[in-house]
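Structural overview for review
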Amino acid sequence: MSRQRTSDLEVAIIGAGFGGLGTAIQLKQHGIEDFLVFEKTAGVGGTWWVNRYPGCACDVPSHLYSFSFAPNPDWTRRYAPRTEIQAYLESLVDRFRLEAHIRVRTGITQATWSEREQRWQLNDASGRKWRARVLVAALGGLSRPAWPDIPGLDDFAGEIVHSQQWNENLKLAGRRVAVIGTGASAVQLVPHVAREAKRLDIYQRTPNWILPRPDRAIGPRRRALYRRQPWLQKLARFGIWAISELRVPAFLWSNRLAAGHRWLAHRHRRRQVRDPELREQLKPDYDIGCKRVLLANDFYPVFDQRHVELVTDGIARIGPDAITDTGGQRRVVDTIILATGFKAVDPVPEGLIAGRGGCDLGKCWHSGPEAYKGTAVAGFPNLFMLLGPNTALGHNSVVMMIESQIRYLLAALDHMRAHGIETLEVRAEAQQRWNDMLARRMEGTVWTAGGCQSWYLHPETGRNSTLWPGFTLGFRQRLSRFDPEHYLATKSA
Ligand code: N01
């Protein structure tokens with residue numbers, strides 16, 4: 001009996017990170033109780049559960065990198081470390097009584113749209129089947145690690161770990177370690193690795209723009225004040241959001257507007273890197289913002305240590321115990337850390353979500369993902385994505401984007417209920433128009449004309465399918481009401 005009840009759902013949510021938990025909270029607050037959140041790992045938290053490399057933290061201030069409807073006055077730092085963000089997300093489960101709605105260690109292996117039943121059919125890893133009217137894919141835009149295609153990588157006899165699949169028992173003390181990549185994950189983990197390793201080679205393909213990280217502790221008095229006067233915390237949040245929005249014009253319209261940030265980054269490098277040759281090697285030669293701007297205070301100083309080497313020649317091949325660069329130099333290594341990022345332009349695995357006619361989302365997005373408002377996809381009725389295509393940000397908190405999308409989802413559910421609608425499917429023309437608008441807005445932006453190659457762009461088409469080219473406020477306005485005129489609807493019989 002209970003099995004029957006739990007297998008039929010109004011809403012099935014895949015993923016218990018920010019997106020999945022936020023949706024769960026808002027559904028409950030909206031009076032919808034008939035839903036489950038499926039999570040393949042052993043706990044909630046999503047990216048903050050999975051990424052466990054040393055130094056992992058957020059580069060968006062925590063008062064903004066949290067839900068507006070679930071503020072946390074107790075952040076102990078301006079930029080909270082992973083453990084604190086993870087604890088915040090775990091605390092939401094109790095705070096909003098979500099326990100009964102969450103199934104951890106329950107990876108959904110396949111979600112298929114059934115024409116006959118007009119429902120999503122879900123299989124989990126243990127073989128159990130579920131059926132849901134609405135599917136929310138809260139998979140995260142950066143959840144699939146990218147392993148580099150370097151000749152000989154598979155022949156390496158030592159230990160290899162990707163930053164996102166950190167091995168907490170990894171021994172670094174006394175080891176010769178190579179870190180491949182110098183992006184957001186690398187700048188956080190490298191200082192920790194340098195402290196332990198006997199020798200550290202850092203393979204940089206492209207230098208990044210790095211700004212000082214204005215981190216500081218938030219003392220007990222300030223925290224108590226936020227608890228007593230929540231409006232003050234809201235004001236702080238608003239201030240962080242507004243200042244972050246000010247970066248948009250420099251990314252969208254003219255990089256000259258980022259002169260202040262450029263100056264700050266150059267000064268930071270000059271102050272922290274003493275060797276002029278090294279300083280030059282670490283200097284980016286493209287517009288600031290073209291790749292994600294990094295914040296780090298302890299990355300550059302690592303290169304002053306005698307056991308650390310910056311390698312700027314490319315990697316020619318990897319052998320069983322060494323990496324050989326394109327200049328022919330061979331460096332012996334015991335452990336390789338891949339800080340090589342994520343499959344951002346290929347976010348949904350093939351075989352996971354199949355829409356009308358068995359169309360596989362992972363496959364039909366082979367030339368880069370496309371959606372309507374980053375949320376709905378033509379051919380996939382009653383599917384709502386969180387942080388879908390073109391919803392990532394280079395300047396502000398993605399939690400703002402998630403909140404806009406959840407609001408839109410709730411409006412769609414209200415519309416379905418009010419009009420006895422069984423299925424909603426975005427019209428292909430509406431999706432096309434949305435993507436034409438995105439393409440127009442991308443033209444001449446720092447991401448397409450800034451002189452760099454980045455994970456924002458599809459490697460073959462060059463299309464930017466990851467970022468929202470605008471203010472978060474603009475996105476919020478566009479999703480502030482549900483727009484049934486852009487959807488095909490079928491009514492209940
Ligand atoms: O990944 P990345 P990441 N040979 O793609 C290099 C979020 N994040 O994990 O620049 C040699 O930025 C690659 O070189 P290049 C955040 O959104 C957030 O660091 O392509 N090198 C680059 O240096 C972030 O932007 C936080 O030339 C290779 C690096 O690997 C996103 O995740 C913290 C290579 C990859 O950098 C991704 O960050 C951490 C190859 N074959 C991450 N392939 C927060 O604080 C790749 N590289 C919220």
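Throughout, a residue's number is its position along its own chain's written sequence, starting from 1. It should be noted that, the model being predicted, local features are given only for residues of pLDDT at least 70 and side-chain atom pairs only at 80 or more, the latter also being counted only at that level, while totals for whole chains, interfaces and linings use all residues. With hydrogens and water set aside, each side-chain value is computed from the structure's full complement of heavy atoms.

Re the confidence of the model for the protein
Confidence of the predictor at the level of single residues is given by pLDDT, which spans 0 to 100. Per-residue confidence for the protein gives a mean pLDDT of 96; residues scoring 70 or more make up 99%. The contact rule is simple, with two residues in contact once any of their heavy atoms fall within 4.5 Å. A low-confidence stretch, residues 1-6 stays under pLDDT 50, and its non-local contacts, those more than four residues away or across chains, total five contacts.

Some points on the sheet that holds strand E7 (residues 159-162)
Two strands form a pair only when DSSP identifies at least two bridges running between them. Each helix is a run of H or I in the DSSP string that is no shorter than four residues. Each strand is a run of E no shorter than two, and both are numbered from the N terminus. An order of E7-E16-E8-E9-E12 is seen for the five strands of this open sheet, with the pairing classed as parallel. Each edge of the open sheet is held by one strand with a lone partner, namely E7 and strand E12 (308-311). Averaged over all adjacent pairs, the angle separating strand axes in this sheet is 15°, with direction ignored. Bridge analysis of strand E8 (residues 176-180) against strand E9 (residues 199-203) gives five bridges, and the strand direction is parallel. Among the inter-strand pairings, Ala 178 is bridged to a residue of E9, identified as Asp 201. Geometry is summarised by axes, namely lines fitted to C-alpha atoms with helices restricted to the contacting stretch, and by angles between N-to-C directions that run from 0 to 180 degrees.

Things to note about the packing of aromatic side chains
Any two of the Phe, Tyr and Trp rings considered here, Trp counted by its six-membered ring, make a pair once their centres fall within 6.5 Å; the pair's planes then place it as stacked at under 30 degrees, edge-to-face at over 60, or tilted in between. In total, this model carries 20 aromatic pairs according to the counting rule given. For the ring pair Trp 48 and Tyr 65, a centre distance of 5.7 Å and an interplane angle of 75° mean the geometry is edge-to-face. With a gap of 17 residues between them, Trp 48 in helix H3 (residues 47-50) and Tyr 65 in the loop between H3 and helix H4 (82-95) connect regions that are remote in the sequence. The exposure classification of Trp 48 matches that of Tyr 65, with both residues buried. Considering the side-chain rings of Trp 75 and Tyr 88, the 5.2 Å spacing of their centres and the 45° angle between planes classify their relative orientation as tilted. Within this pair, whereas Trp 75 is found in the loop between H3 and H4, its partner Tyr 88 is found in helix H4, the two being separated by 13 residues in sequence. Following the ring pairs from residue to residue traces out a cluster consisting of Phe 18, Trp 48, Tyr 65, Phe 67, Phe 69, Trp 75 and Tyr 88. Over the ring of Trp 49 we find Arg 52; its NZ or CZ atom is 4.6 Å from the centre of that ring. The buried label goes to any residue with under 20% of its type's maximum accessible area, the exposed label to any with over 50%, and the partly exposed label to all in between, with areas taken from a 1.4 Å probe on protein chains only. Over a ring means this: the NZ of a Lys or the CZ of an Arg is within 6 Å of the ring centre and within 35 degrees of the ring normal.

As for the domain arrangement of the protein
Entries for the protein in the domain assignment read domain 1 (6-144 + 343-491) and domain 2 (153-214 + 260-338). Here the bounds of each domain stem from an automatic or database domain assignment. On a C-alpha basis, the centroid separation for the pair domain 1 and domain 2 is 32 Å. Defined here as a combined quantity, buried area equals the accessible surface (1.4 Å probe) lost by two parts on assembly, summed across both. When the buried surface of domain 1 facing domain 2 is broken down by residue, Tyr 53, Pro 54 and Asp 59 rank first, second and third, together holding 30% of it. A side-chain nitrogen of Lys or Arg and a carboxyl oxygen of Asp or Glu constitute a salt bridge if their distance falls within 4 Å. At the boundary of domain 1 and domain 2, one finds two salt bridges.

Things to note about the side chain of Arg 223
Within the element layout of this structure, Arg 223 appears in helix H6 (residues 220-228). Under this rule, positive means Lys or Arg and negative means Asp or Glu; His and the chain ends count for nothing. No salt bridge is formed by the buried Arg 223, whose closest oppositely charged neighbour, Asp 74, lies at an N-O distance of 4.6 Å. In this structure the side chain of Arg 223 is engaged in a polar contact, spanning 2.6 Å, whose partner is the backbone oxygen of Ile 218. Non-local contacts of Arg 223, meaning those with residues more than four positions away in its chain, are made with Pro 73, Asp 74, Trp 75, Thr 76 and Ile 218. For the purposes of these results, a polar contact is taken to be a pair of N or O atoms within 3.5 Å, where, inside protein, one atom must be able to donate a hydrogen and its partner to accept one; residues adjacent in sequence count only when each atom of the pair is a side-chain atom.

Regarding the pattern of salt bridges
Counting across every chain of the model gives 25 salt bridges. The partner of Glu 33 in a salt bridge is Lys 28, and the shortest N-O contact between them spans 3.2 Å. Of the charged contacts in the structure, one is a salt bridge between Arg 330 and Asp 321, with a shortest N-O distance of 2.9 Å. In this structure, a network of salt bridges that share partners links the residues Arg 199, Asp 201, Glu 309, Asp 325 and Arg 331.

What about the state of the cysteines?
Here is the idea: a disulfide is a covalent bond, and it sits between the sulfur atoms of two cysteines. In this description, a disulfide is simply a cysteine sulfur pair whose atoms lie within 2.5 Å. For the structure shown, the criterion picks out one disulfide. With a sulfur-sulfur separation of 2.1 Å, Cys 290 is cross-linked through a disulfide to Cys 452. The disulfide joining Cys 290 to Cys 452 has a torsion of about -95° about its S-S bond and is therefore left-handed. Residue Cys 290 is found in the loop between helix H10 (276-281) and strand E11 (294-295), and its partner Cys 452 is found in the loop between helix H14 (446-449) and helix H15 (472-478); the two are separated by 162 residues along the sequence. Here Cys 290 matches Cys 452 in class, with each residue buried. Residue Cys 58 stays outside any disulfide, its sulfur separated by 8.7 Å from that of Cys 56, the closest cysteine. Looking at the unpaired Cys 364, the closest cysteine sulfur is the one in Cys 359, lying at 3.8 Å. For Cys 364, a relative accessible area of 35% translates into the label partly exposed.

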